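What the coordinates show
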Amino acid sequence: MILNVVVVAVVTAMAALLASRRVASAPLWRATTTPLASIIGSGFLVLGPLLGGAYGIWAILVMAMLNAVAWAFGAAIRQSIADPRPSPRLDTAASVVLAFAYVISVAYYLNLFGAFAVSLTPFDTDLAARTVSTAVFLCVLIVGWTKGFAALERMEQVSVGIKLAIIAGLLTGLAITFAQRAGAGTLIIETQHLAFWPAITLGLGLIVTVQGFETSRFLGESYDAPMRVRSMKLAQLTAAAIYMVYIILLVPLFAASEYQLSETAIIDMMAGVAPVLPLLLVAAALAAQFSAAVADTSGSGGLIAEVTRGRVDPRTGYAVLVGLGIVMTWTLDVFQIIAFASRAFALYYTLQAVVAAQTSLGRGAKTRAFGWAALAIFGALIVVLGRAAEGG
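The numbers attached to residues start from 1 for each chain and follow its sequence in the written order. Selection of residues for local features in this predicted model requires a pLDDT of at least 70, selection of side-chain atom pairs for listing and counting requires 80 or more, and totals for whole chains, interfaces and linings are taken over all residues. Water and hydrogen atoms were dropped before computing side-chain values, which therefore reflect all heavy atoms in the structure.

Description of the overall build of the protein
Per the secondary structure count, the protein includes 15 helices and 0 strands. Considering only C-alpha atoms, the protein reaches an extent of 60 × 45 × 45 Å along its principal axes. For every residue, the accessible area obtained with a 1.4 Å probe (protein chains only) is divided by the maximum for its type, and the residue is called buried under 20%, exposed over 50%, and partly exposed between those limits. Counting over 392 residues, the protein shows a buried share of 56%. Carbon and sulfur atoms provide 69% of the accessible area of the protein, an area that totals close to 15,800 Å². Charge counting follows a simple rule: Lys and Arg are positive, Asp and Glu are negative, and His as well as the terminal groups are ignored. Throughout, a charge is located at the NZ atom of Lys, the CZ atom of Arg, the CG atom of Asp or the CD atom of Glu. A gap of 12 Å separates the mean positions of the 23 positive and 18 negative side-chain charges of the protein. Put simply, DSSP marks the helices as runs of H or I at least four residues long and the strands as runs of E at least two long, and each gets a number from the N terminus on. In this description, accessible areas are obtained by the Shrake-Rupley approach with a 1.4 Å probe, and a residue is regarded as covered only by the protein chains that are shown.

Okay, structure coming up:
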């Protein structure tokens, strides 16, 4: 009971802080909400059980490596924001790949939204979940079409605030439980449970769980380049800190047999930490999927406008994405969608690394160009060898 009270108090305090005028009206925080909403989408829901079950205590190292790889790809995109040099063919190819990735990532987010929305109700069926997902797709389209990015950004701010407040409560509950078990000497230290090669290919396929930072590139109509670079860095650092603390606290609390790979595995696991957490995490899940979907929908509108040089406006881009997303909702399952998303984002990041290499070479920075080329090769390996997260 005491732990429940502490968790709720932390959630309330964090929510009040993020809703305060000083924070909510700060330009840097407003610019940060879009990439942050997308990065902390489905990741914190599926990554803990997945990493813990597959890697044991080595999950901490895998999480650190994922953050490092995401930061490197983010740096390539930040260079393109700060020093946009024309690479017409590559830029067009990358934009087409990213447009496809956005369509399937939004479908993934909103299909998870539907699954969590009905998970604690008597209507916990695939039909009900897909119906909810379709309704939310239409809601995002209506707001984006009638109010534009500004309205979508305000929706993101509210949902990101809710999500971060609940994550703060989750981490508090985990920290207290971790300290109690450490004091009792009952922490669980297990090594990886996968063979070497499956462990490698699974790790390569997890980049999709930390993607989302690229949305900063497409906010040029709302923020200048320095602001977009700063906000992307802040979003990535904030997300990395949350993920690292989460994995460090979570993994030693559960044995391998307690990890189940499903959309709602974390909900069941947290019932043993604090009874209030499952309900809070369902709320966080809904906020996470909604805010991530809104962020990628916003990004897609700007992307389509950029590719077509303004011939197709962002509102029409929203409509195309929603239409395709609804088709995927009714024809594919969540795991098929994430399998496509993982490779699409990896391919986009590979192309961005190639653009960064070209830019650096054009500036005479051969060492940096070599580094970007190596990153592009690594990205290509992710596309070819990476397994989707849910394939573990």
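Structure's up, so let's keep going.
Points about the environment of alanine 76
Considering the arrangement of structural elements, one finds alanine 76 in helix H5 (residues 59–82). A residue is classified by how much of its surface remains accessible, and alanine 76, at 0% relative accessible area, is buried. Note: C-alpha distance between alanine 76 and alanine 274 (198 residues apart in sequence) is 41 Å. Between two residues, a contact is recorded if the distance between any of their heavy atoms is within 4.5 Å. The residues touching alanine 76, leaving out its near neighbours within four places in the chain, are Gln352, Ala353, Ala356 and Trp372.

Re the pattern of salt bridges
We count a salt bridge whenever a side-chain nitrogen from Lys or Arg sits within 4 Å of a carboxyl oxygen from Asp or Glu. All chains considered together, the criterion is met by 2 salt bridges. Between aspartate 83 and arginine 363 there is a salt bridge, with its nearest N and O atoms 2.9 Å apart. With aspartate 83 in the loop between H5 and helix H6 (88–119) and arginine 363 in the loop between helix H14 (334–362) and helix H15 (366–385), this pair connects stretches of sequence that are 280 residues apart. The residue arginine 217 makes a salt bridge to aspartate 91 at a minimum N-O spacing of 3.9 Å. Within this pair, whereas arginine 217 is found in the loop between helix H9 (196–204) and helix H10 (225–250), its partner aspartate 91 is found in helix H6, the two being separated by 126 residues in sequence.

Considerations on the confidence of the model for the protein
Each residue gets a pLDDT score, which is the predictor's confidence in that residue and runs from 0 to 100. Confidence along the protein averages 85 in pLDDT terms, with 94% of residues attaining 70 or more. No element of the protein has a lower mean pLDDT than helix H12 (residues 277–307), at 78, and none a higher one than H10, at 94.

Comments concerning the packing of aromatic side chains
Centres within 6.5 Å are what make two rings of Phe, Tyr or Trp a pair, Trp counting through its six-membered ring; a difference in plane orientation under 30 degrees is then read as stacked, over 60 as edge-to-face, and the rest as tilted. As enumerated under the stated definition, the model contains 6 aromatic pairs in all. Relative to tyrosine 349, the ring of phenylalanine 213 lies with its centre 5.0 Å away and its plane at 15°, an arrangement referred to as stacked. You can see phenylalanine 213 sitting in the loop between H9 and H10 and its partner tyrosine 349 sitting in helix H14, a full 136 residues away along the chain. A single burial state applies to phenylalanine 213 and to tyrosine 349, both of which are buried. Grouped by ring-pair contacts, the aromatic residues Phe73, Tyr102, Phe213, Phe345, Tyr348 and Tyr349 constitute a single cluster. Directly above the ring of tryptophan 71 sits arginine 78, whose terminal nitrogen or CZ lies 4.2 Å from the centroid. Only when the NZ of Lys or the CZ of Arg is both within 6 Å of the ring centre and within 35 degrees of the ring normal is a charge said to sit over the ring.

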